[in-house]
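Results of the structural survey
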Amino acid sequence: MKKLPETDVVVVGGGWTGLLLAKELTTRSSREVVVLERGPMRRTADYIDDMDELDYAIRLRMMTDVRHETITFRHTSRDRALPVRQHGSFLPGTGVGGGGEHWSGISYRYQPESFRMLSHYRNRYGDARLPAGHALQDWGITYDELEPYYWRAEQMLGLSGKAGNLGGRKIEGGNVFEGPRSHEYPTPPMKMPYLAALFRDATNKMGYHPYPMPAATTSQTYRNPDGVIRSGCVYCGYCERYGCMIGAKAQPTNTLMPVLSKRKSFHLRTECWVRRVVTEGGKARGVMYVDAQGEECFQPAKVVVLASWSVNNTRLLLLSKIGEPYDPATGKGVVGRNLTHQVSAPAAMMFFDEPLNRFIGAGSAGQSIGDVDGDVFDHGSLPFLGGGLLYTVCYGFRPMANFGVVPGSVKAQWGSEWKKAALHHYDRTGRLSLYGDHFAYRANYMDLDPTYKDKHGDPLIRFTMDWTDNERKLCDYMTGKAVEIAKAMGAKQITPFPGLRRYDATRYQSTHIQGGAIMGSSPESSVVNSYQQHWTAPNLFVIGASTFAHSPSSNPTLTALALTYRTAEAIVNKKLNV
Ligand SMILES: Cc1cc2nc3c(=O)[nH]c(=O)nc-3n(C[C@H](O)[C@H](O)[C@H](O)COP(=O)(O)OP(=O)(O)OC[C@H]3O[C@@H](n4cnc5c(N)ncnc54)[C@H](O)[C@@H]3O)c2cc1C
Ligand code: SF4
């Protein structure tokens, strides 16, 4: 094995969190940082040259190759897990920028209660109301502690939106249910495509509080505090599953790499697949990886950071035998516990008489309501806890991915009648969607699969996960609200979401998988502290949504970035003795 010279910090994964941490450390300290990324280099110029819907959105060019690595899946620990051989319920990214290259850019903050879910629900409704088998716990950090870092992440991204709570002052037109913000959004809201405007007007009339989705698909030319300038979005509709051709959507390659590429202390190595964190005497000593030529290398480092996304972070800890694996039978062990996946569904498909111009859009151009989020409404007589967001996002109705949705009144599934209906409804179809809380449960977890292996011969990660009645009832409740809104929007026909049954590993839901290496206030119940520092190996950090103790309703990346800023600051200020 080739042994390389020691570096100050080695970061595994060149996505949103890994490159942000590298930017902060190389900007605010003299540390040498090596980032190891298993995928290829990516640049905005690539997206200009060869954008194509079949290749990117259908054949998933930017995602991991399931022939190299995938997960195995089962519903319960009594079942036999099988490998997922085609991407299904989520889409892990690869290459510089990670999932951040082809994300949609929807960037909500979590609600203050999200960070202390267990105490909040326990205090308000009592233990007896908590869902059976839950594994909820507080995160060990509060919204107020994280607020300054949210603001730094929002400025870095150039987020577009409208504040609904500035220092406790509620502002109509923003999300009046959000936690207090110290600042207005860096850029104004995006322009609203027609369908989103219908949602806004209908929900307003119904007494809800609609607001523009917080968008990293920036509404106007913006210069961030690092001096990086990005142009405003042109609503081409090729956002999620693609890189932005003009750099309007904040991506690691157009927002962090321009800074990093000027730093002599930053070293990026692509096509380098990390297989183990090497430990000695209770500390991380570096990582073992296979480079682009297939050679095994050892990169020694004073500090090791896992930033390879929630599933891979958990897998690397398990493969490296760091920490006790979680055992659902005893509830002991911490690595792999609290696996969650944001509840996400097309609550109502809506069919209108008039064309909607759906080809105009962006990954986060939309409107949402937070009136049924978290615990902002009384759950006293309801058969579930938690809540979520209802929204319409006009992401751009690209023909291959979206053609062929017809209302239930069309009985034909092929032939000329179906073709006529599909053509007629193509631009008359809209989706009203929901995001919901996914609580953590004792039965949902990750461990190493005993049978199936990746291309290097390492065990795959095994998901054991299913929905419970809490998510099913929450989803039904929100679907009912969505149908009422769809009617008020003027939809002539509506197909409601049929409801959650078993967790479906084949239906794309979102790439918002959390947990596995959660943060908390003690090593008995968590892998890392609130600085995402490993409890027992203090020079090891595990960053990203793997540290989230459950899945709050909204999307995770902004919170992962805010936590990364906080971790970087603590390392730079030598608060953590590394
Ligand atoms: C289609 C799509 C739309 C999305 N939309 C949104 C959205 O609107 N809002 C939102 O909040 N989130 C969204 N997400 C999720 C978002 O992309 C992720 O939350 C975010 O990228 C996570 O950042 P990360 O740094 O943890 O991981 P990533 O950005 O995925 O980076 C991890 C990197 O680690 C690398 N890696 C993994 N294992 C290894 C290894 N063993 N060795 C070396 N490198 C390794 C990977 O190749 C990858 O580049 C979306 C995701 C997808 C796929
Ligand atoms: S819709 Fe806007 S942000 Fe998205 S890819 Fe097009 S120009 Fe970029």
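Along each chain, residues carry numbers from 1 onward, in the same order as the chain's sequence is written. Labels follow written order: the first chain is A, the first ligand is 1, and so on. For a predicted model such as this one, the threshold for reporting local features is a pLDDT of at least 70, and the threshold for listing and counting side-chain atom pairs is 80 or more; totals across whole chains, interfaces and linings nevertheless cover every residue. In computing side-chain values, all of the structure's heavy atoms are included and hydrogens and water are not.

**Remarks on the site of ligand 1**
- Taken together, 35 residues are adjacent to ligand 1, and T17, E37, I106, V274 and T557 come closest.
- Within the side chain of R38, a nitrogen or oxygen atom sits 3.1 Å from an oxygen atom of ligand 1.
- At 3.0 Å, a backbone N or O of G99 approaches an oxygen atom of ligand 1.
- About the coverage of ligand 1: the protein hides 96% of its 990 Å² of free accessible area.
- Contributing elements (two or more residues each) for the shell around ligand 1: α1 (16–28) and β12 (273–280).
- For this classification, the nonpolar set comprises Ala, Val, Leu, Ile, Met, Phe, Trp, Tyr, Cys and Pro, the charged set comprises Asp, Glu, Lys and Arg, and every other residue, Gly included, is treated as polar. For the shell around ligand 1, the class distribution of residues is 13 nonpolar, 20 polar and 2 charged. Near, as used in this document, describes a residue that has one of its heavy atoms within 4 Å of the molecule or strand being considered. Pairing of N or O atoms within 3.5 Å defines a polar contact, subject to two protein rules: one partner must be a possible hydrogen donor and the other a possible acceptor, and residues neighboring in sequence count only if both atoms are side-chain atoms. Accessible surface area values rest on a Shrake-Rupley calculation with a 1.4 Å probe, where residue burial reflects the displayed protein chains alone. Note on conventions: DSSP H or I runs of at least 4 residues are helices, E runs of at least 2 residues are strands, and numbering of each starts at the N terminus.

**Some words on the pattern of salt bridges**
- Put simply, a salt bridge is a Lys or Arg side-chain nitrogen that is within 4 Å of an Asp or Glu carboxyl oxygen. Throughout the structure, instances matching the rule amount to 29 salt bridges.
- Here R181 and E154 are joined by a salt bridge, their closest N and O atoms 3.1 Å apart. Residue R181 is found in the loop between β7 (169–170) and α6 (194–205), and its partner E154 is found in helix α5 (residues 143–157); the two are separated by 27 residues along the sequence. As far as the burial class goes, R181 and E154 line up, both buried.
- The partner of R181 in a salt bridge is E178, and the shortest N-O contact between them spans 2.9 Å. Exposure class is identical for R181 and E178. Each is buried.
- Taken together, the shared-partner salt bridges in this structure form one network comprising K23, E24, R28, R152, D226 and E569. Buried residues are those whose accessible area, probed at 1.4 Å on protein chains only, stays under 20% of the maximum for their type, while exposed residues exceed 50% and partly exposed ones sit between those limits.

**So, helix α11 (residues 415–426)**
- For a helix, the expected span equals 1.5 Å multiplied by the number of residues minus one. With 12 residues, α11 should cover 16 Å at 1.5 Å per step; its first-to-last C-alpha distance of 16 Å lies within 8% of that length.
- When α11 is considered as a whole, its buried residues turn out to be A421, A422 and H425. One face of α11 carries all of its buried residues, which in axial projection span an arc of 100°. Exposed positions of α11 whose direction lies more than 90 degrees from the buried face are S416, K419, K420 and L423.
- Turning to α11, the residues buried within the fold contact β16 (343–351) and β19 (429–436). The directions from the helix axis to the C-beta atoms are what the arc is built from. Note on contacts: a residue pair is in contact if any heavy atoms of the two residues lie within 4.5 Å.

So, to be careful, I would describe these as geometric facts and stop short of saying anything about function.
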